[in-house]
Amino acid sequence: MTETEILRPHAEELYADELEALARTDRRTRPPSWKLSPWAVVAYLMGETLDDGKVITAKYIGSRRLIEIAVATLATDRALLLLGMPGTAKTWVSEHLAAAVSGDSTLLVQGTAGTDETAIRYGWNYARLLAEGPSHSAMVPSPVMRAMGEGRIARVEELTRIPSDVQDALITVLSEKSLPIPELDDEVQAVKGFNVIATANDRDRGVNELSSALRRRFNTVVLPPPATHDEEVEIVRSRVASLGQALDLPDAITADDEINRVVTVFRELRRGVSEDGKTKIKTPSGTMSTAEAISVLINGIALAAHFGDGSLRADDVAAGLVGAIVKDPVQDRVVWQEYVETVVKDRWRGLYRSCRSL
Ligand SMILES: Nc1ncnc2c1ncn2[C@@H]1O[C@H](COP(=O)(O)OP(=O)(O)O)[C@@H](O)[C@H]1O
Ligand SMILES: [Mg+2]
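Residues numbered from 1 in each chain as written. Chains lettered and ligands numbered in written order. Predicted model: local features only at pLDDT ≥ 70, side-chain atom pairs only at ≥ 80, totals over all residues. Heavy atoms only, no water.

**Q** Mind showing me how you'd approach the packing of helix H4 (residues 64-74) against helix H5 (residues 90-102) here?
**A** Axes are the key here: two packed helices are described by the angle between their axes and the distance separating the axes. Where H4 contacts H5, the two axes come as close as 12 Å, and the packing angle between them is 50°. Relative to H5, the element H4 is oriented oblique. Considering only the axes of H4 and H5, their crossing is right-handed. On H5, the residues touching Ile67, Ala70, Val71 and Leu74 of H4 are Val93, Leu97 and Val101. (Axes fitted to C-alpha atoms, helices over the stretch in contact; angles between N-to-C directions. Helix = DSSP H or I, 4+ residues; strand = E, 2+ residues; numbered from the N terminus. Parallel < 35°, antiparallel > 145°, perpendicular 65-115°, else oblique. Left-handed = near helix turned anticlockwise from the far one by under 90°. Contact = heavy atoms within 4.5 Å.)

Dropping the structure here:
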């Protein structure tokens, strides 16, 4: 398979040229096994123009200090927990941090209610286990075990969705930096450079609480929703542009007006008040995250490109908006209709007509 056929290349492949340019010019000290210095990792995430003119694009738009704290944590013996509402770029930042620090973002455990200990420790290839008995070649190492052996970053997504007793398998790993293999009377000791980035949703609180023993092993960095309207517009604009390209969507002409409108709708419904502070607005049951604003626009662009004249119009956006906002067919529909009648009607006639005709 050629590279151009991959639907979603990993960060270290997609941004290989930027990582390479940073590695080449980076004169600062690198912690053991790190591909870049902490400074260069932050530059990779926040964007930078290098001395030779090479432009490093911004991956994370928001507080530089938060990213510095996250990167500094990875250079210590504490692991990093990225916490926040859905769609605040926790997964995105985790992938880019792992790509920049280890050159590999693929050592990943996806946390679910069904995640078992083998995802954090190791499992067995049963055919081999039966044939040969327990041996290193019959073992199936988890991503965490591989990261330990290679001195890389392991990622654990949605840590709090993992059952508590399984989460506890991480405690030994993080405190002893070793993973015992009793069947072989052996262990894997972490090589310098090993660390863990976990993400957790603060809406999931109470699903499976992090034990205090595990929490102590983590430094928590909370990723906030975008602070200002302009910041959110910038995030959406840059992600829509690169996603549109990655999906080979024909170049739809995306008026900044439409992006502005979608961001305004999302921010108002999220905060429960109009941007001028004058009208109180009911909030829907869903999260109204930046990530969903991005998909509303991507959907609109696909509609415009394939079924319209190629420019994104109110009609193309309206359908996506309803889908993103009305998650509960009864309650949310009332919220949305009220918003359309009290806010959209007087402000955006075109969008109002499109919403009414759905
Ligand atoms: N502050 C931000 N800077 C850059 N991209 C962002 C930001 N906030 C959200 N995004 C975008 O939103 C999308 C969803 O982010 P994701 O990492 O999946 O969210 P989470 O894991 O927090 O639910 C990503 O495409 C990401 O680029
Ligand atoms: Mg996520």
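**Q** What is the right way to read the packing of aromatic side chains from this model?
**A** Here a ring pair, both rings aromatic, is described through the centre-centre distance and the interplanar angle of the planes. Using the criterion set out here, one finds three aromatic pairs in the structure. Measuring from ring centre to ring centre gives 6.2 Å for Tyr15 and Tyr44, while their planes differ by 80°; the resulting arrangement is edge-to-face. Note that Tyr15 is positioned in the loop between helix H1 (11-14) and helix H2 (16-25) and Tyr44 in helix H3 (residues 38-46), a separation of 29 residues in sequence. Here Tyr15 matches Tyr44 in class, with each residue buried. Judged by centre distance (5.8 Å) and plane angle (85°), the ring pair of Tyr122 and Trp124 falls under edge-to-face. Of the two residues, Tyr122 and Trp124, neither departs from the other in class, the shared state being buried. (Phe/Tyr/Trp six-rings, centres within 6.5 Å; stacked < 30°, edge-to-face > 60°. Buried < 20%, exposed > 50% of the residue type's maximum accessible area, 1.4 Å probe, protein only.)

**Q** In this structure, what is going on with the environment of Ala72? I would like to understand it.
**A** Within the element layout of this structure, Ala72 appears in helix H4. For the pair formed by Ala72 and Ala138, sequence separation is 66 residues and the distance between their alpha carbons is 37 Å.

**Q** Just checking my understanding: could you explain the pattern of salt bridges for this structure?
**A** Where charged atoms from two side chains of opposite charge come close, those side chains can pair. This structure, assessed with the given rule, holds 22 salt bridges. The closest approach of N and O atoms between Arg237 and Asp256, which form a salt bridge, is 3.4 Å. Placement of Arg237 in helix H11 (residues 229-246) and of Asp256 in helix H12 (residues 256-271) is noted, with a sequence separation of 19 residues between them. Take Asp256: its relative accessible area is 39%, and that puts it in the partly exposed class. The salt bridge involving Glu268 is made with Arg347; its shortest N-O contact spans 2.8 Å. With Glu268 in helix H12 and Arg347 in helix H15 (residues 331-347), the pair connects residues that are 79 residues apart, well separated along the chain. For Glu268, a relative accessible area of 0% translates into the label buried. Among the charged side chains, a salt-bridge network with shared partners connects Glu232, Arg267, Arg270 and Glu275. (Salt bridge = Lys/Arg side-chain N within 4 Å of Asp/Glu carboxyl O.)

**Q** Any chance you could explain the domain arrangement of the chain here in plain terms?
**A** When the parts come together, some accessible area is lost, and that loss is often what is quoted as the size of the interface. Its domain assignment divides the chain into domain 1 (68-222) and domain 2 (229-356). The C-alpha-based centres of domain 1 and domain 2 are spaced at 36 Å. Counting residues at the interface gives four residues for domain 1 and seven residues for domain 2. For the pair domain 1 and domain 2, the two sides together bury roughly 450 Å², of which 62% comes from carbon and sulfur. By the criterion of area lost to domain 2, the three top residues of domain 1 are Gly87, Trp92 and Arg203, representing 68% of everything that side buries. Counting across the interface, domain 1 meets domain 2 through zero salt bridges. Taken together, domain 1 and domain 2 are joined by zero residue pairs in polar contact (both at pLDDT 80 or more). Across the side of domain 1 that touches domain 2, the residue classes tally to two nonpolar, one polar and one charged. (Domains from an automatic or database assignment. Buried area = accessible area lost by both parts, 1.4 Å probe. Polar contact = N/O pair within 3.5 Å; in protein donor to acceptor, adjacent residues only side chain to side chain. Nonpolar A, V, L, I, M, F, W, Y, C, P; charged D, E, K, R; others polar.)

**Q** Can you walk me through the site of ligand 1 in this structure?
**A** Lining the immediate environment of ligand 1, one finds 15 residues, of which Ile61, Gly87, Lys90, Thr91 and Trp92 sit closest. A distance of 2.7 Å separates a nitrogen atom of ligand 1 from a polar backbone atom of Ile61. Taking Thr91, its side chain carries an N or O atom lying 2.7 Å from an oxygen atom of ligand 1. The greatest single-element share of the shell around ligand 1, amounting to three residues, is contributed by H5. Of the residues assigned to the shell around ligand 1, the class counts are nine nonpolar, three polar and three charged. Two domains share the shell around ligand 1, each providing at least three of its residues, namely domain 1 (68-222) and domain 2 (229-356). (Near = heavy atom within 4 Å.)

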